[in-house]
Amino acid sequence: RWVLERQVYKTLSRDSGMSQSSLQRLFRKYLEKAPTIEIRHKTEACLLVDATYFPNGVCLVVYYQNDIKHTQLYRLTSNELYVEIREDLENLRNMGIHTKSVTCDGHRAILKAVNQAFPGVILQRCVVHVKRQCRTWLTQRPKNRAGLDLLSIVNRLTRIKTVKEANQWVVDLNVWYEYYKIFLEERVYNPKTDGYWYKHKMIRKSMTLIRKALPCLFMYLYYPEIPHTTNRLEGFFGHLKEKLNVHRGLSKIAKKNFIRWYLHLCNQAAKDKFS
């Protein structure tokens with residue numbers, strides 16, 4: 001209850017009959033170490049790989065199996081690093097987990113690590129992340145027609161449910177590009193650099209993101225068991241941060257072990273539910 005339900009010492013003391021100081025000593029002892037994550041072997045695993053950041057330079061990378069709602073592996077580190085992510089993926093492979101697909105947000109280190117550790121695996125880019133990033137760059141009210149038209153196309157992305165709809169979406173995107181191709185090549189002189197910059201940089205960035213993601217954007221339509229977003233992990237991270245924020249007085253080491261306990265207890269709850 002203290003880890004998963006945001007219960008504070010006062011409430012737990014009232015319900016358990018233990019004093020607050022006794023609970024603090026007990027939990028301090030628990031947070032000196034943490035349990036080991038259990039690997040649940042599964043063939044054709046559909047993994048979600050994502051990371052989140054905490055204060056004091058702590059990064060949590062999670063390898064989550066979507067169908068059984070289980071964190072197979074995690075790493076507490078400083079950043080999303082290619083070498084570490086590749087090592088984690090290779091460890092999963094060596095422990096007997098046969099990975100069918102990986103869904104991720106498109107971070108360069110994750111993409112490179114997946115391609116190296118799991119050649120031939122099905123890679124699915126998070127559709128929501130692509131849409132969200134494009135909307136950020138284009139803004140809610142683009143100042144020109146090209147931006148408005150591209151925003152309209154981008155907004156349809158998460159509503160695609162069939163291969164036919166996906167094909168039509170790609171056709172519409174190509175029609176947009178051909179129509180605005182000359183517009184996208186417009187440049188302006190920058191006296192600070194004594195050079196020419198692309199005038200519509202954010203629209204170009206949005207189109208580049210979509211083009212790079214496109215080969216892995218609609219794999220879920222051909223393999224329905226593959227999750228097409230990392231939303232489950234993002235929600236998971238949000239709940240973890242809410243719980244951790246209640247216990248703001250923890251040391252850095254205790255916070256890391258709190259995170260480890262949280263992952264362990266969530267796995268236990270999912271195992272009990274699905275067993």
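In this text the structure is predicted, and so the values were computed from the model without any measurement.

Asker: Would you explain helix 6 (residues 145–155) in this entry?
Answerer: Every buried residue belonging to helix 6 is among Ala146, Gly147, Leu150, Leu151, Ile153, Val154 and Asn155, and all of these are buried. Contacts from the buried residues of helix 6 go to helix 5 (127–138), helix 7 (163–184) and helix 8 (201–213).

Asker: Is there a simple way to explain the nonpolar core in this structure?
Answerer: Soluble globular proteins: nonpolar side chains tend toward being buried together. In this structure, Trp2, Leu60, Phe258 and Ile259 are the most contacted members of the largest nonpolar core, which totals 28 residues. Of all the secondary structure elements, the ones that give two or more residues to this core are helix 2 (20–30), strand 1 (45–54), strand 2 (58–65), strand 3 (70–77), helix 10 (231–246) and helix 11 (252–274). For this core, the element with the most residues is helix 11, which contributes seven residues. Non-local contacts of tryptophan 2, meaning those with residues more than four positions away in its chain, are made with Gln7, Tyr9, Leu12, Phe27, Leu31, His247, Leu250 and Phe258. Membership of the second largest hydrophobic core comes to 27 residues, among which are Cys134, Ala166, Phe218 and Tyr220.

Asker: Help me understand the sheet that holds strand 5 (residues 122–125) in this model?
Answerer: The strand order across the open sheet formed by five strands is 3-2-1-4-5, and the pairing between neighbours is mixed. Both edges of this open sheet fall to strand 3 and strand 5, since each of them pairs with a single strand only. Across the sheet, the mean angle separating the axes of adjacent strands is 20 degrees when strand polarity is ignored. Where strand 2 lies against strand 3, seven bridges are found, and the strand directions are antiparallel. Bridge assignment links valine 61 to a residue of strand 3, and that residue is arginine 75.

Reading the values: the criteria
Along each chain, the written sequence defines residue order, and numbers are assigned to residues from 1. Local features in this predicted model are restricted to residues whose pLDDT is 70 or higher, and side-chain atom pairs enter the listing and the counts only when it is 80 or higher, whereas totals over whole chains, interfaces and linings include all residues. To get the side-chain values, all heavy atoms of the structure are used, and hydrogens and water are removed first. Throughout this description, buried means an accessible area under 20% of the type-specific maximum (1.4 Å probe, protein chains only), exposed means over 50%, and partly exposed covers the range between. Comment: elements are numbered from the N terminus, with helices defined as DSSP H or I runs of at least four residues and strands as E runs of at least two. Contacts between residues were defined by any pair of non-hydrogen atoms, one from each residue, lying within 4.5 Å. For the purposes of this section, nonpolar cores are sets of buried Ala, Val, Leu, Ile, Met, Phe, Trp, Tyr and Cys residues that join through side-chain atoms within 4.5 Å. When DSSP finds two or more bridges between two strands, those strands count as paired. A fitted line through C-alpha atoms represents every axis, and for helices the fit uses only the stretch in contact; the resulting angles, taken between N-to-C directions, go from 0 to 180 degrees.

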